[in-house]
Amino acid sequence: MSEQQSPDAAAATTADREAERGLSRRGLMGLALGAGAAGVALGAGGGVIGGMALGRDQAQAATDAVAPASGIHQPGITTPVQDHLHFAAYDMMARTTRDDLAELLADWTYAATRMMQGLDVSATGAVGGSPEAPPDDTGEALGLPASNLTITFGFGPSLFDSRFGLEGQRPAGLERLPAFLGDDLDPLRSDGDLCIQACADDPQVAVHAIRNLSRIAFGRATIRWSQLGFGRTSKTTSEQATPRNLFGFKDGTANILADDTAALEENVWVSASEGPAWLAGGSYLVARRIAMLIETWDRTRLAEQDRVVGRDKAKGAPLSGGDEFTPPDFSATGPAGTPAIDARSHVRLAHPDNNGGIRILRRGYNFVDGTTDLGRLNAGLFFLSFQKSPASFITLQKALSTDAMGEYLRHVGSGLWAVPPAPAAGASVGAGLLGA
Ligand code: HEM
């Protein structure tokens, strides 16, 4: 830590982590041993099983859905998209050091690993510590199951300035996204040294994760901005039904799916040869807070809505015909001889055929943040996408500069982060970058 104040939560987590490391190696085995109470064992799937007086209802957590580990990739990318999101961007505090950053990432990894198993952030958790000290865990997830929680960490371009000696490790494309036509960005909803995407089936579990990770960061990093999302606007498995966005259209039909390993390798994961080495197996995350002018859209004729999207609202089928999963035929014409899928439709402009084959993995969420000063819904789509290069998103967003949908949208927030691979067992996220 720097000379900044060391809050109880951060101190407790670091101490707790170190105590457990003393008992065994850091990680789940360490957690089970560290918990120490009777009846704690590791199940075949690696989950912590057994009733304990401390922490959350672990018997319930063990039987409830724990998002499957995704091997070398961080969870929360190809994981079946959960229904709720809490996303937060952070800035490192002034005068923090590279050691502070490494320690923060170690503390975050430790707490995140626990929370994704349905556990409190530390062994003493919400109610097992000293009555004279603030609890390590804030407690609002006590009794709630793991809820498929995934926690995904990203490193923004600004982390690679001169503060932490990481200038030489910055990937070539990791820069602030360029200004796009029609951008109306709020700096207070954009960028950040670090980001955390927490997704879960239960909104309280996602909020608990961000709240506790923010608390652990105290004295080292502060929240720059955050975003809640409800209702996924994509799918990442063929078993998931295609959800609808706030325009009422099916969204996610043509997304990259988790079992399409070839498409993932080609479009989402950074390969070892693409470098840098610390990012191999990782990806790049783009976030765009896109306000949707709902009231205007709701006064638009159905046929015009279909034309704008390029698909029909009922089935999500391309306007060239077929059903939802029929590939669009951009050469098809309507009765008047004009293109069946309009030249300025969203789907035509975003389609890989018109963008050199580029595809991205979309993982966005609906949001409604109350109403605006004008009494309109402050609503939209918190667009999240994972791609192997920032250039993929930039190409698509530029292609969408003539998008007919643009009339109903305003991009008000933006950010880009490099998402490192999953840490090796016992290591912290970003260990490859920091040499920790
Ligand atoms: C509020 C903003 C947006 C809305 C409401 C929206 C809505 C939709 C809808 C309804 C579809 C068709 C169904 C599907 O295949 O998923 C679609 C497809 C797509 N969108 Fe968006 N979108 C938005 C923003 C963006 C942005 C910012 C990008 C990237 C820069 C993007 C990229 C794509 C891509 C790549 C497809 C698939 C095209 C295809 O392969 O057919 N969208 N979007």
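Numbering of residues starts from 1 in every chain and runs along the sequence as written. Local features are withheld for residues below a pLDDT of 70 in this predicted model, meaning they are given only at 70 or higher, and side-chain atom pairs are given and counted only at 80 or more; totals for whole chains, interfaces and linings count all residues. Water and hydrogen atoms play no part in the side-chain values, which are based on all heavy atoms of the structure.

### Description of the coordination of the iron atom of the ligand
The reference angle at a metal is 109.5 degrees if four donors form a tetrahedron and 90 or 180 degrees if six donors form an octahedron.
Here is step 1: Its sole protein donor being H346 (NE2), the iron atom of the ligand sits 2.1 Å from that atom.
Here is step 2: Labels follow the DSSP assignment, with helices taken as runs of H or I lasting at least four residues and strands as runs of E lasting at least two, numbered in each case from the N terminus. Looking at the element boundaries, H346 is found in helix α9 (residues 346-350). Sites may look incomplete because water is not among the atoms; the donors themselves are N, O and S atoms within 2.8 Å of the metal, or within 3.2 Å for Na, K and Ca.

### Some details on helix α5 (residues 203-216)
Here is step 1: What a helix is expected to span follows from its residue count: subtract one and scale by 1.5 Å. Here α5 contains 14 residues, and its C-alpha end-to-end distance of 20 Å stays within 8% of the 20 Å for a straight helix at 1.5 Å per residue.
Here is step 2: Partly exposed describes any residue whose relative accessible area lies between the buried limit of under 20% and the exposed limit of over 50%, with all areas from a 1.4 Å probe on protein chains only and scaled to the type maximum. Of the residues making up α5, those classed as buried are V205, A206, H208, A209, I210, N212, L213, S214 and I216.
Here is step 3: Where α5 begins, one side-chain oxygen reaches toward the backbone nitrogen of Q204, 2.8 Å away; that side chain belongs to D202. Polar contact is defined as a pair of N or O atoms within 3.5 Å, subject to the rule that within protein one atom must be able to donate a hydrogen and the other to accept it, and that residues adjacent in sequence are counted only when both atoms are side-chain atoms.

### With respect to the packing of helix α4 (residues 98-116) against α5
Here is step 1: To define axes, lines are fitted to C-alpha atoms, for helices over the stretch in contact only, and angles between the resulting N-to-C directions are given on a 0 to 180 degree scale. Between α4 and α5, whose axes approach to 10 Å, the crossing angle comes to 155°. Taken together, the axis directions place α4 and α5 in an arrangement best described as roughly antiparallel. Here α4 and α5 pass one another in a crossing that is right-handed. Contacts between α4 and α5 involve L104, D107, W108, A111, A112 and M115 on the former and, on the latter, H208, A209, N212, L213 and I216.
Here is step 2: When residues are sorted by character, Ala, Val, Leu, Ile, Met, Phe, Trp, Tyr, Cys and Pro go into the nonpolar class, Asp, Glu, Lys and Arg into the charged class, and all the rest, Gly among them, into the polar class. Residue classes in the contact of α4 with α5 are distributed as eight nonpolar, two polar and one charged. Each angle gets one of four labels, with under 35 degrees taken as roughly parallel, over 145 as roughly antiparallel, 65 to 115 as roughly perpendicular, and the rest as oblique. Definitions for this section: a left-handed crossing has its near helix turned counterclockwise from the far helix by less than a right angle. A right-handed crossing has that turn clockwise. For this analysis, residues touch if any pair of their heavy atoms sits within 4.5 Å.

### Quick notes on the site of the ligand
Here is step 1: Any residue with a heavy atom positioned within 4 Å of a molecule or strand is treated as near that molecule or strand. Not every one of the 26 residues close to the ligand is listed here, only the nearest: G252, T253, A254, H346 and R362.
Here is step 2: A distance of 2.6 Å separates an oxygen atom of the ligand from a polar backbone atom of G252.
Here is step 3: Contacts to the ligand include A254, whose backbone N or O atom sits 3.0 Å from an oxygen atom.
Here is step 4: Broken down by secondary-structure element, the contributors of at least two residues to the shell around the ligand are β7 (283-292), α9, β10 (377-387) and α10 (390-399).
Here is step 5: Tallied by class, the residues present in the shell around the ligand amount to 16 nonpolar, six polar and four charged.

### Overview of α10
Here is step 1: Every buried residue belonging to α10 is among P390, S392, F393, I394, L396 and Q397, and all of these are buried.
Here is step 2: Those residues of α10 hidden inside the fold are in contact with β7, α9, β10 and β11 (409-419).

### Things to note about the packing of aromatic side chains
Here is step 1: Centres within 6.5 Å are what make two rings of Phe, Tyr or Trp a pair, Trp counting through its six-membered ring; a difference in plane orientation under 30 degrees is then read as stacked, over 60 as edge-to-face, and the rest as tilted. Taken as a whole and judged by the stated rule, the model has 15 aromatic pairs.
Here is step 2: Measuring from ring centre to ring centre gives 5.8 Å for F383 and F393, while their planes differ by 50°; the resulting arrangement is tilted. With F383 in strand β10 and F393 in helix α10, this pair connects stretches of sequence that are ten residues apart.
Here is step 3: Taking the relative accessible area as the measure of exposure, F393 reaches 3% and is therefore buried.
Here is step 4: Through pairs of rings, three or more aromatic residues link up here, namely F87, W225, F382 and W417.

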